[in-house]
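Inside the fold
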Amino acid sequence: MTEEPFQAQAAYFAALDDSRVQCLLCPHACVLQPGQWGICKARTNKAGSLSIPLYGHISSLAIDPVEKKPLLHFMPGSFTFSAGFWHCNLKCPFCQNWSISHPKPVMMQKTVLLSPQALVQKAFESGCPSISLTYSEPTIHIEYALETFKLAKASHLATILVTNGSICSSPAEALLSLTDAVNVDFKTASEERYRTMLGGDLHAVQNFIQIAYETSHVEITSLLVPGILDQPDEIKSIAEFLASISPQIPLHLTPYHPDYNYTKTPLRYQQMQEIAKPAFELLENVHLYRPWYAD
Ligand code: SF4
């Protein structure tokens with residue numbers, strides 16, 4: 001999918017020698033030869049400049065309860081106009097949204113092309129009091145997200161970001177300055193597991209949460225995945241980090257289901273309750289979700 005209907009300029013990159021460019025948006029810091037795509041598959045080197053061919057390519061549109069983001073302490077009881085993009089800068093083998101985060105090319109035929117103006121207009125006409133960039137990873141489409149949030153604020157819509165938090169400080173500050181509420185995935189407390197299994201950076205996510213707390217309403221989601229995040233000590237590490245910022249930061253502990261490249265049997269609800277105990281001791285707002293298969 002390389003159609004470029006909106007001709008938007010990429011931000012956050014440096015030109016290098018030999019027509020190479022380095023993307024400075026996320027911790028991967030991809031150095032790209034002409035024609036090469038970044039790990040996120042959303043940004044590419046086109047003739048010695050960073051190009052964003054997926055600007056305005058929307059994978060999903062829906063009106064959701066704000067609690068589905070999940071946000072339980074921000075505009076409760078309201079609905080939010082939600083839009084998703086394509087692709088992601090992580091490679092979680094258990095991805096619960098893989099059909100848009102790691103799509104096969106044929107899946108992208110359902111793209112809807114919308115400018116930020118058109119998206120905000122739809123959100124405004126929906127009657128929802130907020131707009132959410134969600135479902136896949138919005139920060140790798142930061143140019144579109146910034147424009148959308150600027151326009152949304154001018155239309156008195158609240159702005160919501162649902163993200164993996166894998167983004168560098170400078171773009172994070174720019175985006176969060178326009179974000180009213182953010183839900184950040186905190187996938188594991190293990191630096192090594194973030195790097196080797198998920199393709200991420202624990203410290204970048206922690207840094208993002210710290211910045212977000214200074215600018216926006218923040219809630220955190222941790223998916224309890226067997227073999228990734230299934231030990232009380234790990235939940236304790238996550239909760240200790242959050243408590244060091246504020247014990248009032250809400251933590252959502254959600255159940256995994258087998259998906260994408262991961263087939264491990266889900267945790268039983270009783271196991272989830274055991275794993276979650278340290279969070280309840282350290283934080284004031286812990287929400288443990290009962291899986292539909294609970295026994
Ligand atoms: S946003 Fe994409 S292209 Fe840029 S550094 Fe991250 S993975 Fe690489």
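Residues numbered from 1 in each chain as written. Predicted model: local features only at pLDDT ≥ 70, side-chain atom pairs only at ≥ 80, totals over all residues. Heavy atoms only, no water.

Below, the discussion takes up the overall build of the chain. Looking only at helices and strands, the chain has eight helices and 15 strands in total. Each principal axis of the C-alpha distribution contributes one length, and for the chain these read about 55 × 45 × 35 Å. Among the 295 residues that make up the chain, the fraction classed as buried is 53%. Partitioning the intrachain contacts of the chain with sequence separation of at least 6 by distance along the chain shows that 69% fall at a separation of at least 24. When the accessible surface of the chain is split by element, carbon and sulfur atoms take 51% of a total near 12,600 Å². Separation of charge centres in the chain, based on 20 positive and 27 negative side chains, amounts to 6 Å. (Helix = DSSP H or I, 4+ residues; strand = E, 2+ residues; numbered from the N terminus. Buried < 20%, exposed > 50% of the residue type's maximum accessible area, 1.4 Å probe, protein only. Contact = heavy atoms within 4.5 Å. Areas by Shrake-Rupley, 256 points an atom, 1.4 Å probe, with all protein chains shown as cover. Lys, Arg positive; Asp, Glu negative; His and termini not counted. Charge placed at Lys NZ, Arg CZ, Asp CG, Glu CD.)

A separate point is the site of the ligand. The environment of the ligand is made up of Cys23, Leu25, Cys26, His28, Ala29, Cys30, Gly38, Ile39, Cys40 and Arg43. In the shell around the ligand, the residues fall into seven nonpolar, two polar and one charged. (Near = heavy atom within 4 Å. Nonpolar A, V, L, I, M, F, W, Y, C, P; charged D, E, K, R; others polar.)

Let us look at the domain arrangement of the chain. By domain assignment, the chain separates into domain 1 (13–51) and domain 2 (57–288). The straight-line distance from the C-alpha centre of domain 1 to that of domain 2 is 25 Å. Between domain 1 and domain 2, a total of about 950 Å² is buried, with carbon and sulfur atoms accounting for 64% of that surface. When the buried surface of domain 1 facing domain 2 is broken down by residue, Leu25, Pro27 and Cys40 rank first, second and third, together holding 49% of it. Connecting domain 1 to domain 2 are one salt bridge. (Domains from an automatic or database assignment. Buried area = accessible area lost by both parts, 1.4 Å probe. Salt bridge = Lys/Arg side-chain N within 4 Å of Asp/Glu carboxyl O.)

The sheet built from eight strands is open, its strands ordered β7-β8-β10-β11-β12-β13-β14-β15 with mixed pairing. Edge positions in the sheet fall to β7 (60–65) and β15 (286–288), since each has one partner strand and no second. Averaged over all pairs of adjacent strands, the angle between their axes in this sheet comes to 20°, without regard to strand direction. Bridge count for strand β11 (residues 158–163) against strand β12 (residues 181–185) is four bridges, and the pairing is parallel. (Pairing = 2+ DSSP bridges. Axes fitted to C-alpha atoms, helices over the stretch in contact; angles between N-to-C directions.)

Okay, the nonpolar core next. One finds Phe94, Phe208, Ile209, Ile220, Leu224, Leu242 and Leu253 to be the most contacted residues of the largest nonpolar core, which totals 75 residues. Both of domain 1 (13–51) and domain 2 (57–288) provide at least three residues apiece to this core. Excluding residues that lie within four positions of it along the chain, leucine 224 makes contacts with Leu229, Ile235, Leu253, Thr254, Tyr256, Leu267, Met272, Ile275 and Leu288. Counting seven residues, the second largest nonpolar core, distinct from the first, contains Val66, Leu71, Ile160 and Val162. (Core = buried A, V, L, I, M, F, W, Y, C linked by side-chain atoms within 4.5 Å.)

A few words on the packing of helix α3 (residues 142–154) against helix α4 (residues 169–176). Put simply, α3 and α4 touch, their axes get as near as 9 Å, and they point 25° apart. One finds that α3 runs roughly parallel with respect to α4. Here α3 runs over α4; the crossing is left-handed. Side by side, α3 and α4 meet where Ile142, Ala145, Leu146 and Phe149 of the first sit next to Pro171, Ala174 and Leu175 of the second. The residue inventory of the contact of α3 with α4, partitioned by class, reads seven nonpolar, no polar and no charged. (Parallel < 35°, antiparallel > 145°, perpendicular 65-115°, else oblique. Left-handed = near helix turned anticlockwise from the far one by under 90°.)

This next bit is on the packing of aromatic side chains. Evaluation of the coordinates by the stated rule reveals seven aromatic pairs. When the centroid spacing of 5.4 Å and the interplanar angle of 80° are considered together, the rings of phenylalanine 85 and tyrosine 144 count as edge-to-face. One end of the pair, phenylalanine 85, is in the loop between β8 (79–84) and α1 (98–101); the other, tyrosine 144, is in helix α3, with 59 residues separating them in the sequence. With respect to burial, phenylalanine 85 and tyrosine 144 carry one shared label: buried. Measuring from centroid to centroid gives 5.9 Å for tyrosine 256 and tyrosine 262, while their planes differ by 85°, and the two rings are edge-to-face. Grouping residues by exposure puts tyrosine 256 and tyrosine 262 together as buried. Ring pairs connect the aromatic residues Phe6, Tyr55, Phe85 and Tyr144, which therefore count as one cluster. (Phe/Tyr/Trp six-rings, centres within 6.5 Å; stacked < 30°, edge-to-face > 60°.)

Before going further, it helps to examine unusual backbone geometry. In the segment running from lysine 69 into proline 70, the intervening peptide bond is cis, with an omega of -5°. With respect to the element layout, proline 70 can be found in the loop between β7 and β8. With a phi close to 50°, glutamine 7 is a non-glycine residue in the positive phi region. For glutamine 7, the location among the structural elements is in the segment before β1 (13–15). By relative accessible area, glutamine 7 is classed as exposed at 60%. One non-glycine residue with positive phi stands out, namely alanine 29, at about 50°.

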